[in-house]
Amino acid sequence: MKNYIFITFIMIFISCTLFASDFKAQIKDLLKAVKIASFGFEINEALDSNFEAQAALSLELAIVAINPQLMKEDYFNLGIYALAREKKQFEAALKALKTEESKEKYRPLKNWLQNRTTKLAELCADKSQNDDDYDLTKDFDSILKLLP
């Protein structure tokens, strides 16, 4: 009986480890896609009045180029949030973050999303706040630290 419990524990541990490593790889790929989409905006420089549509298209193209599997995962709103935050489009970032937060089941990530939602709501309410210290890579690294 003890062997079955031990084997079950090992199987659960291995599956959690595989999930975490797969999740980490996907988050790293998403970061690459966001950086590519962000670079596309820098080249274009003129942010159209429909930022969300442009961001979605740019992000989709970058994701397909890097890892088409991400299109099957539900990280799209997280990518839109990061791209919008990078470009100081706080309302669009907040909208995407709230959508992502409402779908999230993993408690540590949900808490992370709630903290970011609070910060963005403050930025949207008080436009005079300085957000020049935002770092896309650090934001994604903080997500990766949530996993064991």
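What counts and what doesn't
- Residues numbered from 1 in each chain as written.
- Predicted model: local features only at pLDDT ≥ 70, side-chain atom pairs only at ≥ 80, totals over all residues.
- Heavy atoms only, no water.
- Helix = DSSP H or I, 4+ residues; strand = E, 2+ residues; numbered from the N terminus.
- Buried < 20%, exposed > 50% of the residue type's maximum accessible area, 1.4 Å probe, protein only.
- Contact = heavy atoms within 4.5 Å.
- Phe/Tyr/Trp six-rings, centres within 6.5 Å; stacked < 30°, edge-to-face > 60°.
- Salt bridge = Lys/Arg side-chain N within 4 Å of Asp/Glu carboxyl O.
- Polar contact = N/O pair within 3.5 Å; in protein donor to acceptor, adjacent residues only side chain to side chain.
- Core = buried A, V, L, I, M, F, W, Y, C linked by side-chain atoms within 4.5 Å.
- Expected span 1.5 Å × (residues − 1).

### Some points on the overall build of the protein chain
A tally of helices and strands in the protein chain yields 6 helices and 0 strands. Counting from the amino terminus, the protein chain carries its helices and strands in the arrangement α-α-α-α-α-α. Taking all 148 residues of the protein chain together, 39% fall into the buried category. Sequence separation of 24 or more characterises 68% of the internal contacts of the protein chain that already satisfy a separation of 6 or more.

### Considerations on the packing of aromatic side chains
To describe a pair of aromatic rings, you give the distance between the ring centres and the angle between the ring planes. Under the counting rule described, the total for this entry stands at 1 aromatic pair. Measuring from ring centre to ring centre gives 6.3 Å for Tyr 81 and Trp 112, while their planes differ by 90°; the resulting arrangement is edge-to-face. Taken as a pair, Tyr 81 in helix H3 (residues 76–86) and Trp 112 in helix H5 (residues 107–125) lie far apart in primary sequence, 31 residues in all. An identical accessibility class is assigned to Tyr 81 and Trp 112; each is buried.

### Some words on the pattern of salt bridges
Between side chains of opposite charge, pairing is possible as soon as their charged atoms come close. All chains considered together, the criterion is met by 3 salt bridges. Note that Lys 95 and Glu 52 form a salt bridge whose closest N and O atoms lie 3.2 Å from each other. Remark: Glu 52 occurs in helix H2 (residues 51–66) and Lys 95 occurs in helix H4 (residues 90–103); sequence separation between them is 43 residues.

### Focus: the environment of Tyr 75
Counting through the fold element by element, Tyr 75 comes out in the loop between H2 and H3. Exposure remark for Tyr 75: the relative accessible area of 12% places this residue in the buried category. Sequence separation between Tyr 75 and Glu 100 is 25 residues, and the spatial gap between their C-alpha atoms is 7.8 Å. When residues no more than four places from it in sequence are discounted, the contact partners of Tyr 75 are Phe 23, Gln 26, Leu 30, Leu 70 and Glu 100.

### Some thoughts on the side chain of Asn 67
Assignment of secondary structure puts Asn 67 in the loop between H2 and H3. Judged by its relative accessible area of 16%, Asn 67 falls in the buried class. Polar contacts involving the side chain of Asn 67 include one to the side chain of Asp 29, which spans 2.8 Å.

### Notes on helix H6 (residues 136–144)
For H6, every residue scored as buried is listed here: Leu 136, Asp 139, Phe 140, Ser 142, Ile 143 and Leu 144. Its side-chain oxygen 3.0 Å from the backbone nitrogen of Thr 137, Asp 135 forms the N-cap of H6.

### Considerations on the environment of Ile 63
As for its placement among the helices and strands, Ile 63 is situated in helix H2. Looking at Ile 63, the relative accessible area reads 2%, which means it is buried. Distance in space between the C-alpha atoms of Ile 63 and Phe 76 is 9.2 Å, their sequence separation being 13 residues. Setting aside anything within four residues of it in sequence, one finds Ile 63 in contact with Leu 30, Ala 33, Pro 68, Leu 70, Met 71 and Phe 76.

### Here we look at the nonpolar core
Core analysis: the largest hydrophobic core is formed by 39 residues, its most contacted members being Leu 30, Val 34, Leu 78, Tyr 81, Leu 120 and Phe 140. For this core, the elements supplying multiple residues, two or more each, are helix H1 (2–44), H2, H3, H4, H5 and H6. Here the element with the most residues in this core is H1; it accounts for 7 residues. Beyond its immediate stretch of four places on either side in the chain, Tyr 81 contacts Ala 93, Ala 96, Leu 97, Trp 112, Arg 116, Leu 120, Tyr 134 and Asp 139.

### So, H4
In a regular helix each residue adds 1.5 Å, so 14 residues correspond to 20 Å; H4 covers 20 Å between its end C-alpha atoms and thus fits that length. Those residues of H4 not exposed but buried are Phe 90, Ala 92, Ala 93, Leu 94, Ala 96, Leu 97, Glu 100 and Glu 101. The secondary structure elements touched by the buried residues of H4 are H2, H3 and H5.

Purely geometric numbers; function is a separate question.
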